[in-house]
Amino acid sequence: MRLRHPLLAAFLLAALVDLGSLAAGYDPGHLVAKPLLMPLLAAYAALRGAPRLLLAALLCGWGGDVLLLSGAEPAFLAGMASFAAGHVCYLVLFTTYGRPHAYQTFLLACYGVLLVNTVAVLWPDLPAGLRLPVAGYSLLLTVMAYRAGTRFGRTAGIGGALFMLSDTLIATGVADWPQPPRPDLWIMLTYIAAQALLVSGALKALDAHPPVARTYGEVRSTTP
C-alpha cells in the first residue's frame, strides 16, 4: 500500500481515531470513526483499479460494522450475514483471479483442526439460537482465510488469519467467556489489520498477475 495516498491516509487516521477512542473508552469517537473505515478503504481500492468483488467485500464489511454498533441480537445476526456475504465475495475473488500457492495441504489441515476445535469449545457456552449461525459463519470464514493464503499469497493469508482471530474474539464475548481489558479494542485492531492486509494482498497479486480481461484496453491504475 502507498501510505502517501490521501484516501489511505484518511483510512489510517480514521483507524487511529477509532482505536484511540476504544482505548480511552470514548464511545462517540468510535461511533463516528468506525463507519468511515471500510468506505475509505474501498474508495482507495477503487482508485487502484480493484475488481468489483473486492469493493463488494469491503462494503459488506461496512454493513456489518454499522449493524454491530447495536447490541441487539437481530442486529448481530444481520451483521453476521453481511460479513458472510463479504466472505463469499472474497472467495469468488480468490477463485476467479488467484493462482495456486504452496502449502495448500498443510494450511488445509491447520485450518480444519482450528475450525473444529474452536466450534467445539464454544458450542456449549453459545446461546442456543446462535449456535448454528455461528458454526456456519465460522466455516465460511475459515474457508475464506484458507483461500486467501493459498490463492493470493502471504499478505492476504495473514489478513484472513487476523479476520478469524477478530471474529473468534467476538464469539468468546458472545459465549460469555472472560475477556481481556478493552476487548473491543483488540477486536477492531485485528479486524482493521485484516481488511487492510486483504486489500494489500489482493492489489499486490493483481498487479503481479493482471487478469486476462484487463489486457484488452483496461489498465489498472497505479496512481500513488
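This text goes with the structure placed above it.
Just so you know, these numbers come straight off a predicted model, no measurement behind them.

**Considerations on the overall build of the chain**
Assigned secondary structure in the chain consists of 8 helices and 0 strands. Reading the helices (α) and strands (β) of the chain from amino to carboxyl end gives α-α-α-α-α-α-α-α. The C-alpha radius of gyration of the chain comes to 17 Å, within 12% of the 17 Å expected for a compact globule of 224 residues. Residue burial in the chain is summarised as follows: out of 224 residues, 46% are buried. Of the roughly 11,000 Å² of accessible surface on the chain, 70% is carried by carbon and sulfur atoms. Seen as two clouds, the 14 positive and the 10 negative side-chain charges of the chain have centres 17 Å apart.

**Points about helix α5 (residues 104-122)**
The end-to-end C-alpha separation of α5 is 27 Å, in line with the 27 Å expected for 19 residues at 1.5 Å each. What α5 keeps buried is the set Y111, L115, T118, V119 and L122. The buried side chains of α5 occupy one side of the element, clustering within an arc of 90 degrees when seen end-on. Summarising the geometry of α5, the exposed residues directed more than 90 degrees from the buried face are T105, F106 and V116. Tucked inside the fold, the buried residues of α5 contact α6 (128-151) and α7 (154-174).

**Focus on the environment of A193**
On the secondary structure map, A193 appears in helix α8 (residues 183-208). Residues A193 and V121 lie 72 residues apart in sequence; the distance between their C-alpha atoms is 26 Å.

**Some remarks on the side chain of T172**
Following the sequence through the fold, T172 ends up in helix α7. Within polar-contact distance, the side chain of T172 engages the side chain of Q179 at 3.1 Å. Those residues in contact with T172 that sit more than four places away from it in its chain are L122, W177 and Q179.

**Quick look at the nonpolar core**
Counting residues in each nonpolar core, the largest one holds 56 residues, and the members touching the most others are F11, Y90 and F163. Contributions of two or more residues to this core are made by α1 (6-24), α2 (27-47), α3 (52-67), α4 (73-97), α5, α6, α7 and α8. Sort the elements by how many residues they give to this core and α8 lands first, with 11 residues. Not counting residues within four places of it along the chain, the set of residues in contact with F11 comprises L37, M38, L40, L41, I192 and A196.

**Quick look at the pattern of salt bridges**
For the structure on display, the rule yields 1 salt bridge. A salt bridge links D207 to R48; the shortest N-O distance between them is 3.0 Å. With D207 in helix α8 and R48 in the loop between α2 and α3, this pair connects stretches of sequence that are 159 residues apart.

**Structural notes on the packing of aromatic side chains**
A complete count under the given rule lists 5 aromatic pairs for this structure. Taken together, a centroid distance of 6.2 Å and an interplanar angle of 80 degrees make the contact between F83 and F163 edge-to-face. Taken together, the residues F83 in helix α4 and F163 in helix α7 connect sequence positions 80 residues apart. F163 carries the same exposure label as F83, and that label is buried. Each ring, one from F83 and one from Y191, has its centre 5.8 Å from the other, and the planes form 80 degrees; the classification is edge-to-face. Of this pair, F83 sits in helix α4 while Y191 sits in helix α8, placing them 108 residues apart in sequence. You'll find F83 and Y191 in the same group, each marked buried.

**Regarding the packing of α1 against α8**
Where α1 contacts α8, the two axes come as close as 9 Å, and the packing angle between them is 165 degrees. The orientation of α1 with respect to α8, classified from their angle, is roughly antiparallel. Where α1 crosses over α8, the two elements pack in a sense that is left-handed. Residues F11, A15, D18, L19, L22 and A23 of α1 pack against D184, L185, M188, L189, I192 and A196 of α8.

**Regarding α3**
Its 16 residues give α3 an end-to-end C-alpha distance of 22 Å, which sits within 8% of 22 Å, the value for a rise of 1.5 Å per residue. All of the buried residues along α3 are L54, L55, A57, L58, C60, G61, G63, G64 and D65. Buried residues in α3 make contact with α2, α4 and α8.

Reading the values: rules and limits
- Residues numbered from 1 in each chain as written.
- Predicted model: local features only at pLDDT ≥ 70, side-chain atom pairs only at ≥ 80, totals over all residues.
- Heavy atoms only, no water.
- Helix = DSSP H or I, 4+ residues; strand = E, 2+ residues; numbered from the N terminus.
- Rg over C-alpha atoms; globule rule 2.2 N^0.38 Å.
- Buried < 20%, exposed > 50% of the residue type's maximum accessible area, 1.4 Å probe, protein only.
- Areas by Shrake-Rupley, 256 points an atom, 1.4 Å probe, with all protein chains shown as cover.
- Lys, Arg positive; Asp, Glu negative; His and termini not counted.
- Charge placed at Lys NZ, Arg CZ, Asp CG, Glu CD.
- Expected span 1.5 Å × (residues − 1).
- Arc of directions from axis to C-beta.
- Contact = heavy atoms within 4.5 Å.
- Polar contact = N/O pair within 3.5 Å; in protein donor to acceptor, adjacent residues only side chain to side chain.
- Core = buried A, V, L, I, M, F, W, Y, C linked by side-chain atoms within 4.5 Å.
- Salt bridge = Lys/Arg side-chain N within 4 Å of Asp/Glu carboxyl O.
- Phe/Tyr/Trp six-rings, centres within 6.5 Å; stacked < 30°, edge-to-face > 60°.
- Axes fitted to C-alpha atoms, helices over the stretch in contact; angles between N-to-C directions.
- Parallel < 35°, antiparallel > 145°, perpendicular 65-115°, else oblique.
- Left-handed = near helix turned anticlockwise from the far one by under 90°.

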